[in-house]
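# Working through the structure, step by step
Residues per chain, in single letters:
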Amino acid sequence: MARKDFIITGLDIGTSFVRAAIAKCSTENGIEIIGAAVKPSQGMKKIVIVNKSEVTELVRATVESAERDAGMEVDSLHVGISGGHVNCCTTAAVVNNLDADDTIKEKHITNLIENARANSAERGREAIHEITQEYRLDGHAVEENPVGSAAGRIEARVHMVTADRTIMENHGRVINDAGFRIAGMCWNVIASGLSVLSDEEKKEGVLLIDIGGGSTGYAVYFNNTIYLSNVFAVGGDHITNDLMIGLNIRADEAEDIKKTYAKKAVTADSNPSIIKIGMPVKNNKSLPKADIEMIIESRVDELIQFIKSDVVDKGFYSLIGSGIVFVGGSTHLYHFKDKTRNYFGKPVRVATPLLNMPDISTSDLNIYSDRHEFLRDPSCATILGLLKSGYNLRLAELKKSIGFFDKIFRH
Ligand SMILES: Nc1ncnc2c1ncn2[C@@H]1O[C@H](COP(=O)(O)OP(=O)(O)OP(=O)(O)O)[C@@H](O)[C@H]1O
Ligand SMILES: [Mg+2]
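Conventions we followed
- Residues numbered from 1 in each chain as written.
- Chains lettered and ligands numbered in written order.
- Predicted model: local features only at pLDDT ≥ 70, side-chain atom pairs only at ≥ 80, totals over all residues.
- Helix = DSSP H or I, 4+ residues; strand = E, 2+ residues; numbered from the N terminus.
- Buried ≥ 20, exposed ≤ 12 C-beta atoms within 10 Å, placed from the backbone.
- Contact = placed C-beta atoms within 7 Å.
- pLDDT = per-residue confidence, 0-100.
- Near = placed C-beta within 6 Å.
- Nonpolar A, V, L, I, M, F, W, Y, C, P; charged D, E, K, R; others polar.
- Arc of directions from axis to C-beta.
- Pairing = 2+ DSSP bridges.
- Axes fitted to C-alpha atoms, helices over the stretch in contact; angles between N-to-C directions.
- Left-handed = near helix turned anticlockwise from the far one by under 90°.
- Core = buried A, V, L, I, M, F, W, Y, C linked by C-beta atoms within 7 Å.

## Some points on the overall build of the protein chain
Helix and strand content of the protein chain: ten helices and 19 strands. Buried residues in the protein chain amount to 38% of all 411 residues. For the protein chain, the proportion of contacts with a sequence separation of at least 24, taken over those separated by at least 6, is 68%.

## A look at the confidence of the model for the protein chain
This prediction gives the protein chain a mean pLDDT of 88; 90% of its residues lie at or above 70. Averaged over each element, pLDDT in the protein chain is lowest for strand β4 (residues 44–45) (52) and highest for strand β12 (residues 206–211) (98).

## Examining the site of ligand 1
Near ligand 1 there are 23 residues, and of these Gly14, Gly212, Gly236, Gly329 and His332 occur at the shortest range. Mapped by element, the contributors of at least two residues to the shell around ligand 1 are α6 (236–247) and α7 (251–260). The class makeup of the residues in the shell around ligand 1 is three nonpolar, 16 polar and four charged.

## Section: α7
Three or more residues of α7 are buried, namely Ala254, Ile257 and Lys258. Angular distribution of buried residues about the axis of α7 spans 100°; they occupy a single face of the element. The inward-facing, buried residues of α7 contact α6, β15 (274–277), β16 (285–288) and α8 (289–313).

## Details of the sheet that holds β12
Strand order in the open sheet formed by five strands is β14-β13-β12-β17-β18, and the pairing between neighbours is mixed. Where the open sheet ends on each side, the last strands, each with one partner, are β14 (225–232) and β18 (348–350). Taking the axes of each pair of neighbouring strands and ignoring which way they run, one obtains an average angle of 15° across the sheet. Where strand β13 (residues 216–222) and β14 come together, seven bridges link them in antiparallel fashion. The residue bridging Tyr218 from the neighbouring strand is Asn230, located in β14.

## Quick notes on the sheet that holds strand β10 (residues 154–164)
What holds strands together in a sheet is hydrogen bonding between their backbones, with the strands either parallel or antiparallel. In space, the four strands of this open sheet follow the order β7-β10-β8-β9, with antiparallel pairing throughout. What marks the edges here is a single partner per strand, and that holds for β7 (87–95) and β9 (140–142). In this sheet, adjacent strand axes meet at a mean angle of 35° when their direction is disregarded. The pairing of β7 with β10 spans nine bridges and is antiparallel. If you follow Cys89 over to β10, its bridge partner there is Met160. Together, β7, β8 (125–137) and β10 form the strand contacts of helix α2 (residues 106–120), whose direction differs from that of β7 by roughly 130°. Sitting on the sheet, helix α3 (residues 165–177) touches β8 and β10, and the angle it makes with β10 is about 65°.

## Observations concerning the packing of α8 against helix α9 (residues 336–344)
Axes are the key here: two packed helices are described by the angle between their axes and the distance separating the axes. Contact geometry for α8 and α9: axes closest at 10 Å, N-to-C directions at 35°. By crossing handedness, the relation of α8 to α9 is classed as right-handed. Contacts from Glu297, Val300, Ile304, Gln305 and Lys308 of α8 reach α9 at Lys339, Thr340, Tyr343 and Phe344. In terms of residue class, the contact of α8 with α9 is built from four nonpolar, two polar and three charged.

## Looking at the nonpolar core
Counting 89 residues, the largest nonpolar core has Ala21, Val59, Leu207, Leu208, Val220 and Leu387 as its most contacted members. Considering every element that reaches this core, the biggest residue donor is strand β2 (residues 17–26), with seven residues. Apart from the residues lying within four places of it in its own chain, the contact partners of Leu387 are Ile8, Gly10, Ala21, Ala23, Ile31 and Ile367. By size, the runner-up hydrophobic cluster in this structure holds ten residues, among which are Ile239, Ala254, Ile257 and Leu333.

## Quick look at unusual backbone geometry
You will see that Asn224, though not glycine, has its phi angle at about 65°, which is positive. Topologically, Asn224 is positioned in the loop between β13 and β14. On the neighbour-count criterion, Asn224 (12 C-beta atoms within 10 Å) is exposed. In this structure, Asn248 takes a positive phi of about 55° despite not being glycine. Among the structural elements, Asn248 can be located in the loop between α6 and α7. For Asn248, a count of 11 C-beta atoms within 10 Å puts it in the exposed group.

Below, the structure is given as structure tokens:
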């Protein structure tokens, strides 16, 4: 395929931050970030839009800020879908009676996916991803896409990610009201996986966990596909809330304590087991460090145990050959990696999304920038993955249109 250039813009509306990134993409050089912006979220609660006009303004302001950074305007966005309204399930689908020559064609795979969608259809829900786990042709398992193979019957297990239609429509309205069009959508956890997981990890089996502000999502990858995923409406903001209630302090004080208690200066005459907050003379409060640690640890403990039990109970823990990969802003919690390692008995890493310098070109999906250092953070895995997801979608469209013109000119 001849080199093609196009622009992709990603938008991640998170509970803590809204992030936008604009990339100049080329089928030869990969994805170059030319503009990016991050703004604190307002009007969101557990990823549900509670104040539409506030979120509309925020989306407009964030994308406009990225546009100014890029020195260009954009009109369509690849949007991340997140929150507790997302559901994940696996369903079986079958297609019988192929054409007379028994050769599997793209249309049979489309029928298979439609069949899976119909099996898992629920009132008021919209499918956002259909991921094929494994195919069986006339009862025999095959690992690769079976298009071109011969069979009379195709069976598949398809992992479905669906979202609440009303919430999706509200997201769509907010983006349209902000003056943009939706070019594509991707579940945030899948987007994060695109920016931090290696092909080897996805082949050998990996558990990806994204702990954001208002939600935690996970996905189990094995054999380069997703076998299990789930999302819970619990995240780092719940730790802040627990500290606020447990220590009887304000929300901003609790957020500050959560992020800085381990680094608070300890002077020679101060007691290292006490953290002081507020002005030294007025409103000065002394908080026992052990209480802060206990509150944070109990919430992290509960969340991680919950995810592990969910994966174990559903029978997929043994698929995780290469280990656990964490992303999301809450991974900045003090000693997060050391604390979470104890739960799994498998290698654990906190991942920073790959953002290379312009001269390092390793593959056509290289993401690079020489000035957006702030995106090199576990909380930015989703926004960088959304650029990759947009790139993949555009590439598939280009290949399809080339196939179409090829056919016209050949006949
Ligand atoms: N240094 C830090 N220490 C502890 N927690 C932190 C730190 N920095 C950020 N966080 C927490 O990370 C969370 C935000 O993470 P992130 O930016 O990934 O959220 P989000 O993508 O906006 O949310 P979601 O994905 O749930 O919609 C907040 O709860 C915030 O308090
Ligand atoms: Mg997030």
